[in-house]
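Observations on the model geometry
Next come the chains, spelled out residue by residue.
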Amino acid sequence: MTTFRTIGKSEPRRDLPEKLTGEAKYAADVQLPGMLYGKILRSPHPHARILSIDVEAALSLPGVHAVMTPFDSPKGQVAPDMPILDTETRYVGDEVAAVAADDEDLAEAALDLIKVEYETLPFVTDAVEAIKPDAPHTRPGGNLVGGKPLTLVRGNPDEGFAEADRIFEDTYSTPAHHGAALEPRAAVASWDGDNLTVWKSTRGVHADQLALSLALDVPRGNIRVMGQNMGAGYGTKDETRLGVITAVLAQRAGHPVKIELTRQEEFVAGRHRHGTTTTVRMGVKNDGTVTAVHATTIMDTGAYLSAGPGVIRRAGQGALYLYKCANVQYDGYLAYTNTPAGGSYRALGAPQGHFALESLADTVSEALGIDPLEFRRKNHVGLEGQPGERVTPTHEILDTQPVEGGVPFSSNGLRECLEIGSEAIAWGQPSEQPEASNLRRGKGMGMFIYRGGAGGKSIARMRLESDGTLRLITGLMDVGEGSLTVMPQIAAEELGVDYEQVQVTFGDSATTPEAPITAGSTATFSTGTATQEAARQLKERIIEVAAPLLDADPSDLQITSEGVAHVRYPERGVTFSKIAESAGEFEVEASIMPGSRDHVINSFGAHFAEVEVDTDTGQVRVLKYVAAHDSGRILNPKLAINQVEGAVSQMLGFTMTEQMLTDPRNGVTLNASFLDHKSPTLQDFPDMQVLFADVVDPIGPYGAKALGEPPSIGVAPAVANAIYNAIGVRIRDLPMTPDRVLNEIEAQRGDSQ
Amino acid sequence: MTELPISYTANITLNVNGTDHQIEVDHRWTLLRVLRDVLGLTGAKRGCDRGECGACTVLVDGDPVCSCSMLALQVGGRRVRTVEGLGNANSLNDLQEAFLAEDGGQCGFCAPGFIMSATALLETNVQPSDDEIKAALVGNLCRCNAYGRIIESVKAAAKSKTGQRP
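What you see is a predicted model; the values in this text were computed from it and never measured.

When helices and strands are counted, chain B shows six helices and five strands. Ordered by position in the sequence, the α and β elements of chain B form the string β-β-α-β-β-α-β-α-α-α-α. Relative to the compact-globule value of 15 Å for 166 residues, chain B shows a C-alpha radius of gyration of 17 Å, a close match. Once the C-alpha set of chain B is aligned to its principal axes, its extents read approximately 65 × 30 × 30 Å.

What follows is the structure in structure tokens.
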């Protein structure tokens, strides 16, 4: 058995000490001399054309330094469907104009002085309505993105359904759901001649640098983006309009400008998990063999596309790939509406898709008289992958979310997750029922698959500095997931030094090489692979440089925590600082394209919940929760457990309480506050057990696979199935609030009586 | 003619972490604003500005309060303690050490607020039960939902305080 120096150990989180003392600076904590405060005027209409804007009164207010409107702002695009500012507004809260003033109160007062003349336009707030032929158009080309659904097919679904003894179908919905990171978006912009520096709450400094460059038509090399620390985002902070507005105001005012969104703005103008309506059909033989799956999802992208195309695709992965089946189809309809824009949010569309799929799987098992666990054991996709023909040319890296069959996984611990999770929840042993007849307990489960791993070209540098410091330099941002800790673990392991010895430079576009955004659960796999390679190269280089100093052959030398020593005569050694003194500072760079030509790299898991439903009040309490995961080798158990627990608790919010409500009469977001968008607290945190399958992936760095997002996928179906097990009532719509549960009890029991 | 917001100021003595500051404050300014923008103490965070998230928690005369929902004028002459008054990254206090050991945070934006609420709890109750910990910290949101590790952190700190090593 391999023994490791730091891999697999719960090294303390690198950036936590400064965060616990308040020393860590987040974007809103940046203060610059002469800095002004910006505020944004937002549209009161869900859809309107701006006819004119009168800014004279605002500009004449003493202390107001700059104003920008769509009529005078630069003409660049922030995204393909989003100009810097636009004369058409597309949701209540859309950016209309902005001001910079000496302080926040003045900026706020100036907003009140801006007179905007609107021509209101017809609007639509519901995605299912939006794709009907007579719906008002939010965009000239119509509301359905691309004019047609995304259709993904393997095999022949019609044949699959023809082979079935029975066919089941049901429809499920999930609401717009906000990540509501505790840190509202903030940006600070400062110009020095033609050079722009932006401090921003971001998960990708290089991506932001590129977006700012394209929008402002400023060369990339003139822009520096500093990530600072990031008060989390769960994917939702990919949005550059704020940074661009801040930069334009700063240029006009001739002073640095800071804009911090308010909590209400963060809810409305941030990004949320897309609301969906999904219909799933499943064909099965009487013995429980799945013969066909067909899922159709209608997804609301809101006023802007943002990450919508990626999310609509991801919503289909479960239907296409979780159950071993030759004949499957997924149709995804992505629709514009006049509501706040959805975005990428932890596991993208996978939680929505799996809620539908895994709820229906329960219905199917019950109808066939098969235990839900047994049904999954019988049908889950195995190591060999899906039946079918490989389509990707053999010399190309395989998509980690393929549709084609005929390609094996690099590793697949789904079966083990089912076994260890079911054992921990004592599956098959009915819940003990309380004496009170209104309290009913039950158990439920759901399994899942998730792509992850490869995240695009990844670069890592490693440097031996003149004082002997070993430094890892990557363009990554740590967004709370822990890459700032795990990357030096990988580097230290490869080098053969202690974890604490590897210093790290992250999150600054000027001093780090290009990195993909910290997204899609790809950081450990992609940048981790680059880091491991860079560490290997640095090790080789250090030994090469040390060899003449020790008058030894490089093959007789090894790295120790002090420096380099002879393998057989350990007393013959030289320290890192001596090596650097002799050779000067040196650096290596590894650039890799992560992935595999032979295998699909996916993470897996199975979640189990035991709940208690109060049939008088509709209240659901989670008594016990078990999350079993295959994410390959776990590089830092404590961080990994924290991440899984956090995702489960976060998604219990999605499952039970959280939703963004838009008034269909006027497009107004009704609950843009923590009091009304009800998020879990410490008192809602259930008794939870996190388990990891004993899997070492043959491709991932030290055997690791993706972990950040997968734990958010299994929660809603596990809880919905547990509620069904407890009271025989199927909840098809999230969140499962007490009033919804009560209504369903009444409706479904009424039906059967 | 639009009327500007009326503003008047007052001089107050603000005692923060044991040091007196003579400050001229606008009557509209919250304690949070004065801490962050006037004194440069940015440990307390602005998460909602309306007392819903707890990220701005500080202690006023020993009690945890949301500094976003208290006017600076109300605090004149009272003792304010912020996270800056505890340890620093090179020498954490026991509570902060426990949070580091138990991984009581992810993105860390909520951490200063949790640390202050937990400080107030442990100063008045050296051996809190799980329920008491949850009740004392329920006003602090962590959107990373690192709640499991935060509860463990506070329990570990309480154990080390009473002489039992965690």
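Residue and element names in this part refer to chain A. Across the interface, helix H12 (residues 372-379) lies against helix H13 (residues 414-424) with an axial gap of 10 Å and an inter-helix angle of 160°. Relative to H13, H12 is oriented roughly antiparallel. Of the two possible hands of crossing, H12 and H13 adopt the one that is left-handed. For the pair formed by H12 and H13, the contact residues are Leu373, Arg376 and Arg377 on the first element and Arg415, Leu418, Glu419 and Ser422 on the second.

The next point concerns unusual backbone geometry. Phi is mostly negative for residues that are not glycine, and the peptide bonds are mostly trans. Residue and element names in this part refer to chain A. Cis geometry marks the peptide bond from Leu734 to Pro735; its omega dihedral reads -5°. Phi at Ala232 takes a positive value of approximately 70°, unusual for a residue other than glycine. With relative accessibility at 0%, the residue Ala232 sits in the buried group. With a phi angle near 75°, Ala347 is a residue other than glycine that sits in the positive phi range. Along the polypeptide, Ala347 turns up in the loop between strand E19 (328-336) and helix H11 (350-368). Residue classification places Ala347 among the buried residues on the basis of a relative accessible area of 0%.

A few words now on the packing of helix H6 (residues 205-216) of chain A against helix H7 (residues 241-253) of chain A. Residues and elements named next belong to chain A. The interhelical angle for the contact between H6 and H7, taken along N-to-C directions, is 55°, at an axis separation of 10 Å. By the angle class used here, H6 and H7 are oblique. In this structure, H6 meets H7 at a crossing whose hand is right-handed. For the pair formed by H6 and H7, the contact residues are Leu212, Ala215 and Leu216 on the first element and Gly243, Val244, Ala247 and Val248 on the second.

With that settled, consider the interface of chain A and chain B. Taken residue by residue, the interface counts 58 residues in chain A and 56 residues in chain B. When chain A packs against chain B, close to 4700 Å² is buried across both sides, 56% of that on carbon and sulfur atoms. Looking only at chain A, the three residues that lose the most surface to chain B are Leu20, Leu182 and Leu682 of chain A, adding up to 18% of its buried area. At the boundary of chain A and chain B, one finds eight salt bridges. Note that Lys45 of chain B and Asp29 of chain A form a salt bridge whose closest N and O atoms lie 2.6 Å from each other. Elements with a minimum of two residues in the side of chain A that touches chain B: helix H1 (16-20), helix H3 (104-113) and helix H17 (637-656) of chain A. Broken down by element, the residue count for the side of chain A that touches chain B peaks at nine residues, all from H17 of chain A. Across the side of chain A that touches chain B, the residue classes break down as 27 nonpolar, 16 polar and 15 charged.

Helix length check: helix H6 (residues 147-161) of chain B, at 15 residues, gives a terminal C-alpha distance of 21 Å against a target of 21 Å (1.5 Å per residue), a fit within 8%. Within H6 of chain B, 11 of the 15 residues are buried, leaving the element largely enclosed by the surrounding structure. Contact partners of the buried residues in H6 of chain B: H17 of chain A together with helix H3 (94-102), helix H4 (111-124) and helix H5 (130-137) of chain B.

Attention shifts here to the environment of Val403 of chain A. All names here are of chain A. Within the secondary structure, Val403 is located in the loop between H12 and H13. Take Val403: its relative accessible area is 14%, and that puts it in the buried class. Spatially, the C-alpha atom of Val403 lies 6.6 Å from that of Leu320, the residues being 83 residues apart in sequence. With residues up to four places along the chain from it excluded, the contact list for Val403 reads Leu152, Val153, Arg154, Arg313, Leu320 and Tyr321.

Our next topic: the state of the cysteines. Residue and element names in this part refer to chain B. The final tally for this structure, using the stated rule, is zero disulfides over all chains. Cys53 takes part in no disulfide bond, and the closest cysteine sulfur, belonging to Cys48, lies 3.8 Å away. We classify Cys53 as buried; its relative accessible area is 2%. Just so you know, Cys56 is unpaired, no disulfide at all, and the nearest cysteine sulfur is the one on Cys68, 3.8 Å from it. Its relative accessible area of 3% is what places Cys56 among the buried residues.

What counts, and where the lines are drawn
Residues numbered from 1 in each chain as written. Chains lettered and ligands numbered in written order. Predicted model: local features only at pLDDT ≥ 70, side-chain atom pairs only at ≥ 80, totals over all residues. Heavy atoms only, no water. Helix = DSSP H or I, 4+ residues; strand = E, 2+ residues; numbered from the N terminus. Rg over C-alpha atoms; globule rule 2.2 N^0.38 Å. Axes fitted to C-alpha atoms, helices over the stretch in contact; angles between N-to-C directions. Parallel < 35°, antiparallel > 145°, perpendicular 65-115°, else oblique. Left-handed = near helix turned anticlockwise from the far one by under 90°. Contact = heavy atoms within 4.5 Å. Buried < 20%, exposed > 50% of the residue type's maximum accessible area, 1.4 Å probe, protein only. Buried area = accessible area lost by both parts, 1.4 Å probe. Salt bridge = Lys/Arg side-chain N within 4 Å of Asp/Glu carboxyl O. Nonpolar A, V, L, I, M, F, W, Y, C, P; charged D, E, K, R; others polar. Expected span 1.5 Å × (residues − 1). Disulfide = S-S within 2.5 Å.

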